Each structure stands twice: as C-alpha cells, then as structure tokens.
Amino acid sequence: MGLVPGRWPLVGRGEELALIDEQVGRGAPATVVAGDVGVGKSRLLAGWLAAREAQGRPTVVVRATRATATIPFGAFARWVPDRLADTGDRLGVLRATAARLVDQEAGPVVAVDDAHLLDDGSAALVLHLAQHTPTGLLVTIRSGEPCPDAVVALWKERLAQRIDLQPLSEPETVELVEQVLGDAVAPGTRSRLWRLTGGNPLYLREVVEAALGQGVLTRAAGDWRWEGRLAGPTRLVELVSDRIGGCDAAERRVLELVAMGEPLPVEVVLRLADREPLAELEGRGLVVVDRPSPEGAGGLVRLGHPLYSEMLRAELPAFTVQGHHQALAQAAVDAGLHDRDPLRVATWLLEGGDQPGNPELLLRASTLALLGYDHELTARLAEAAERAGGGWQATLRRAEALGPLRRWDEAEALLAGLSGEGSAPEARAAAAQVRAEQSFWHRREDLSVARAIVADAAAGLPERFRPPLLVQGARYAQIALELEESIRLATEAVAGASSLEDRLDGITCAGLAAAFLGRTSAAMATVRLVAPYTATIESAPAAVG
Amino acid sequence: MANHRLDVQGAVRALPRAHAVLLRGALAGFDDAELAALVGVPPESVRPMLRLALAKLGGLLADPGGQSPG
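Bear in mind that the values here come from a model prediction, so they are computed numbers and not experimental data. (Residues numbered from 1 in each chain as written. Chains lettered and ligands numbered in written order. Predicted model: local features only at pLDDT ≥ 70, side-chain atom pairs only at ≥ 80, totals over all residues.)

Novice: Before we move on, could you go through the overall build of chain A and cite the residues and values that matter?
Specialist: From N to C terminus, chain A includes 28 helices and 10 strands. Among the 545 residues that make up chain A, the fraction classed as buried is 46%. If you take every contact in chain A between residues at least 6 apart in sequence, the share linking residues at least 24 apart comes to 64%. (Helix = DSSP H or I, 4+ residues; strand = E, 2+ residues; numbered from the N terminus. Buried ≥ 20, exposed ≤ 12 C-beta atoms within 10 Å, placed from the backbone. Contact = placed C-beta atoms within 7 Å.)

Now the structure itself:
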C-alpha cells in the first residue's frame, strides 16, 4: 500500500475541464483528450464525469483495454444485442449497438477511455456515433501510440477538437503535492520535484511515495524537505521500463548514451548512432531534439522525461557505463565539443577509464571544476592531467583542490614538492600563494603564518616573480589593519610588475588601503588608473587555462 | 513600495515544456504546422493547446506565488 493512500486530488486542470465543458455544451460531436502515460487523462475524465454525475447527468463510460482489443466490439460488449452477438453481421452489430447507446442509456454523452486500444469494430462504432448520431463523445487516447484509423478520423475530419494534455506547471505540481502532504513544501524541494517529474502526476506520485518510503522526503521545521538521493524505487523502474520496453538494441543504446550525457549536441549523437533510431525515438517522444536556435546554437538531444535518465542510469552495469563514457568522450572530441565544453568532455574521459592524453584539456576542465566548487572532481581531473604530463600546473591545481577537502597532508606534500629549490620560480611563487591561502582560509591558522609564507617566498625569488606575492602580502596586511604596510607592499609590487595584471592588482590593493585610511584623493586616483582596463580584465579568458 | 513588474519569462519557465515552446513559437510568428512540428502534436491540436497555454500563463501572471525564482 502506498504511504499516501487513495486517489490523489485533481489539481491544475480547471482550464482543461472548462474546455471540455464548452465543447460538450455546444454539442460538438466529439472531444479527444490525448496525452502521455501518467499525464492524467483518465483522472481528468473521472473528474469531469464526477462533476457531471453530481449534476444528475449520467454518462455511458467505456474503457478499452488490451484484452478487449482482440474481441470485435469488445469494449462495447455490454451494449451489443444478444441476438446479433454471434451472427458475424458487423454492420448490423454496429447500428444496433449505436441505437441502444443513443436511445436507452447514453443520454447526450459517451465517454471512451484509452480509445487507442479499441478494436476496429468498436472504433468504427465511435466514429459512427460522432458522424451520425446526436450523442457527444469524450475520448481519451495515449500520445505516440498507434491509434485505429476511425479514431484518428475524429480530429482529422474535424468531428472532434483534440486537446493534447500536458503535464502540470510548476505551481500546479506544488499545489498537488502540498494538498497530498497536507503542509507546505520547501522552495528547493518544490523545484526539485518539478524538475524530476516534469509535472507528470503519475511520476510525481511515484517519486513522492518512494521519497517518503526511503526517508528522503521528510517534514522538518514546518515544511517538507528533500534531503538525499532516491535509490531507484521498483515501481518507477517498472513505469519507465514500460515506456521504453519496446526499443530495439540500437534505440536502447541511444537512450543510454543520451541519459549519461544529456543534453548532447546532435552532431555528437550522430557520431554514435544512425539517424534512424534517433528519429524513431523522437517520434515516440522518448527523446526530444531542441532545434538549432537562430543565433546559431546547434540542436541538442535530451530524453523525453527527466525520470528516464534517472532510471536508465540506475540500471546500467558498471562496464556499460564505462564503455558509454569512452564512446561519448571520443565522439565529443571528434565533433570538437572539447573546445566548447571542456569540463564535460574531460569528465567523460575520466569516467571512461582511458589514460587521458590531453593535459591541456584536463587542466582547463579542472579550472572550471574549481570555479564550480567541485573540489573532488577538480582533484581527479588534476591528477589525470599530472599523469598526462600536465607539469607543475597540474600538481598545483590538485593541491588547490585538496585543501578545501581538508586533505591537508596531501596538499602540503604536493606544495612542498613544488617549493623546493629544484622547481621553476613560477611554480615556487604559485605554490607559496596557495600555501598561504590554505593556511589562512582553510586551516584557519594565524594570519602571521600566511604572511610569513609569502614574505619568505618573495625574498627567495628573482625580482620578476615577486609582485603577485607582494600583493598577496599587502592584502594580508589590510586584514591585519596595517594599512601603511599594505600600501608599501602594494607600491613595491607595482614598481616591479612586468605584467598588466600584476600592475593593476597592486594599484587596486593600494587604492583600497588608501580609502580605508580616508585618503580619498589617492583612492580616486587609483580608480582612474584602473578604470580603463576594467572591461579588458573582465572579458579576459584568464579564468580558463 | 511593492514591485509590480510582471515576470513573464519566469511564468513561461514555470509552464510545462510544450506550452512554453508553443508560446515562444507563436510569438516568433510560426504557423500552425510549424508549431505542431515544434511540440510534436497534430496541427489540428495546436489552437486548443495554445488556448490552454495562454490560460495557464494568465493564471501564473495573476498569481505568481508558486513560481520558483530564477
């Protein structure tokens, strides 16, 4: 039994119900409601029928199933006159059954749920009712499934208005969950539920039930919060498996690759698969292809629903995962994606287990990972870059990542190795900067330790490598409120700077100290000096590489 | 003073994907056949879908409380 028993309320369908009412009210021959699995077609139909029943207006309800699909007039068997049941007179059965529905029971409306499963005879009967009788029809069908020609004719011949039911919007999704759980849902959890389920009520129910069962969704401090990760609940796997169960091996491989790399540029997918399975999957709504934008961005392929990705990835064996990552990385490099998206491509290389041979790519990716505060990934990418020959920059990057991970000893060992006499001056200067930063910001050591590190390093380095260390020392002096000392160090840095960046760093640092001291004119003078370069610095690709 | 600016982009983002795509496509001047291809429905279904999308967008703009920021 579910943790939230019973039928979930009908939420967010006011506009759809009003549209159906309008169609039926004006005597339209038929209305077709189409939608994906779980989007709530049958729930909408039930809601509409309940309101109609409450008004004392009964409706004949027919439910087609896979079982009735094999029996002529199976869905309408209850209304087929006994005298005709075994005669084989299909036209006679059709006319007589239609007459019974219209004259005896139906009143003005017949509702047919899952009409895509109707046998040909029942489908012909539905079309006949729409074309030749005053009975109104309300028909649901599943999108993307084969549908009898007679049912398709309802909207193709303009006998019916077809309403393609969409998932719930974000606020509707939140409203539904809050009604079911009986309390507010935290903002981060709201958007997570919507992203994960795409507003599909069936998936939403399964996700909420699974999250409650696994203790991932809990009530704390007055609202419901999502903490942790779902571990592939069985019902969800079944739901998704039902949807993708009909795929052949080639289509399944495309789905798995997209699940692991989405969104994937079309050109990458087409290096991994033929066009045919991709088109087939798109036609069935299992993948979505965003068209190229007018600005020139290429088309992107993603799965038709976020849950497909979650479930597909949860089911894949480790070696398959590794193989897919290798394939993705190779195709991405061949398509030139590593220039535009180095972090993703380098991560695929890493996960694919290949010995990576492109230290520049790995270093660029590690920079992006560091900027994204993903220190674990930064360390892994930097280590791979070291193995690939990335030099002291790769070692330094790994040390930078290990500090925030509180792996002090490993970081210190790497930095000590870079600080030795045998290292290049650039490496020694950079290592001292990282050591000082980690000492003060991560290890929370006394500021004097960081100041001593940069001062000692600066003293032992040739002139042209000192400015960045002097500026760093000047910043520490500001933190210690030794503002005159800060200005002195920054001025010394500017005097010795050989690069524009070092010079601007020194000027801004000195200007800030001057401002703290109330020397407004001096501070404004530094602003005037730096201002012309601001745009250049902001647009410089210094952060990458 | 309260901020009365309409966050139309935020409201469109809170719609189901097909509704958002349909509205953007309609605003860009696509015809029914093009819109149908964009969202993967028959052309006959575009107008009712557009009507629903507009109704839902109107609801969101009238009561934006449920939208996530950004």
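The rest of the description comes next.
Novice: Can you explain the overall build of chain B? Please cite residues and give values.
Specialist: Scanning chain B for helices and strands turns up 4 helices and 0 strands. Counting from the amino terminus, helix and strand elements in chain B follow one another as α-α-α-α. A burial count over chain B gives 31% of its 70 residues as buried. Relative to all contacts within chain B whose residues are 6 or more apart in sequence, the contacts with residues 24 or more apart total 50%.

Novice: Please provide a residue-by-residue account of the interface of chain A and chain B, values included.
Specialist: Listed by partner, the interface residues are 21 residues for chain A and 19 residues for chain B. Mapped by element, the contributors of at least two residues to the side of chain A that touches chain B are α1 (14-25), β5 (160-164), α7 (170-181) and α8 (187-197) of chain A. Residue composition of the side of chain A that touches chain B, by class: 8 nonpolar, 6 polar and 7 charged. (Nonpolar A, V, L, I, M, F, W, Y, C, P; charged D, E, K, R; others polar.)

Novice: Quick one: what's the story with helix α25 (residues 483-496) of chain A, residue by residue and with numbers?
Specialist: All names here are of chain A. An ideal rise of 1.5 Å per residue puts 20 Å on 14 residues; α25 measures up with 20 Å between its terminal C-alpha atoms. Every buried residue belonging to α25 is among Leu483, Ser486, Ile487, Leu489, Ala490, Ala493 and Val494, and all of these are buried. Down the axis of α25, the sector holding all buried residues measures 170°, keeping them to one side. Exposed residues pointing more than 90 degrees away from the buried face of α25 are listed as Glu484 and Ala495. Structurally, α25 contributes buried residues whose contacts are with α24 (467-479) and α26 (500-516). (Expected span 1.5 Å × (residues − 1). Arc of directions from axis to C-beta.)

Novice: Run through unusual backbone geometry, naming residues and quoting values.
Specialist: Residue and element names in this part refer to chain A. Pro263 follows Glu262 through a cis peptide bond whose omega is -5°. Within the element layout of this structure, Pro263 appears in the loop between α11 (249-261) and β8 (264-265). Backbone geometry at Asp114 places phi at a positive 60°, although glycine is not the residue there. Residue position: Asp114 is located in the loop between β3 (109-113) and α5 (120-132). Owing to 22 C-beta atoms within 10 Å, Asp114 belongs among the buried residues under this scheme. Positive phi values are uncommon outside glycine, yet Ala221 reaches one of about 55°. As for its position among the elements, Ala221 is in the loop between β6 (217-220) and β7 (223-226).

Novice: Can you tell me about the sheet that holds β5(A), naming the residues and giving the values?
Specialist: Residues and elements named next belong to chain A. On the basis of which strands lie adjacent, the open sheet formed by 5 strands has the order β2-β3-β4-β1-β5 and parallel pairing. Strand pairing shows two members of the sheet lacking a second neighbour, β2 (60-63) and β5, which therefore form its edges. Neighbour-to-neighbour, the strand axes of this sheet turn through a mean angle of 15°, independent of strand direction. Pairing geometry for strand β1 (residues 30-35) and β5, over 5 bridges, is parallel. Across the sheet, Val33 pairs through a bridge with Ile163, a residue of β5. Running over the sheet, α5 touches β1, β3, β4 (136-142) and β5 and is turned about 145° from β4. (Pairing = 2+ DSSP bridges. Axes fitted to C-alpha atoms, helices over the stretch in contact; angles between N-to-C directions.)

Novice: Which residues make up the sheet that holds strand β9 (residues 287-290) of chain A, and what are the values?
Specialist: Residue and element names in this part refer to chain A. The antiparallel open sheet is built from 3 strands, whose spatial order is β8-β10-β9. The strands lining the two open edges of the sheet, one partner per strand, are β8 and β9. Pairing of β9 with strand β10 (residues 300-303), which is carried by 4 bridges, proceeds in the antiparallel orientation. Bridging from a neighbouring strand, Val288 pairs with Arg302 of β10. Relative to β10, α11 is tilted by about 100°, and along the sheet it contacts β8, β9 and β10.

Novice: So what's going on with α24(A)? Which residues, and what values?
Specialist: Residues and elements named next belong to chain A. With 13 residues, α24 should cover 18 Å at 1.5 Å per step; its first-to-last C-alpha distance of 19 Å lies within 8% of that length. Listing the buried residues of α24 in full gives Pro467, Pro468, Leu469, Leu470, Val471, Gln472, Gly473, Ala474, Arg475, Tyr476 and Ala477. On the buried face of α24, the contacting elements are α22 (425-442), α23 (447-459), α25 and α26. Two residues or fewer after α24 comes Leu481, characterised by a positive phi angle close to 60°.

Novice: Tell me about the nonpolar core, and name the residues and values.
Specialist: All names here are of chain A. In terms of nonpolar packing, the biggest core is built from 108 residues, with Val258, Val269, Ala332, Leu381 and Ala490 touching the most fellow members. The contacts of Val258, once residues within four sequence positions are left out, are Leu264, Val269, Val287, Val301, Arg302 and Leu303. In terms of nonpolar packing, the next biggest core, distinct from the first, is built from 48 residues, Val39, Leu101, Val110 and Val112 among them. (Core = buried A, V, L, I, M, F, W, Y, C linked by C-beta atoms within 7 Å.)

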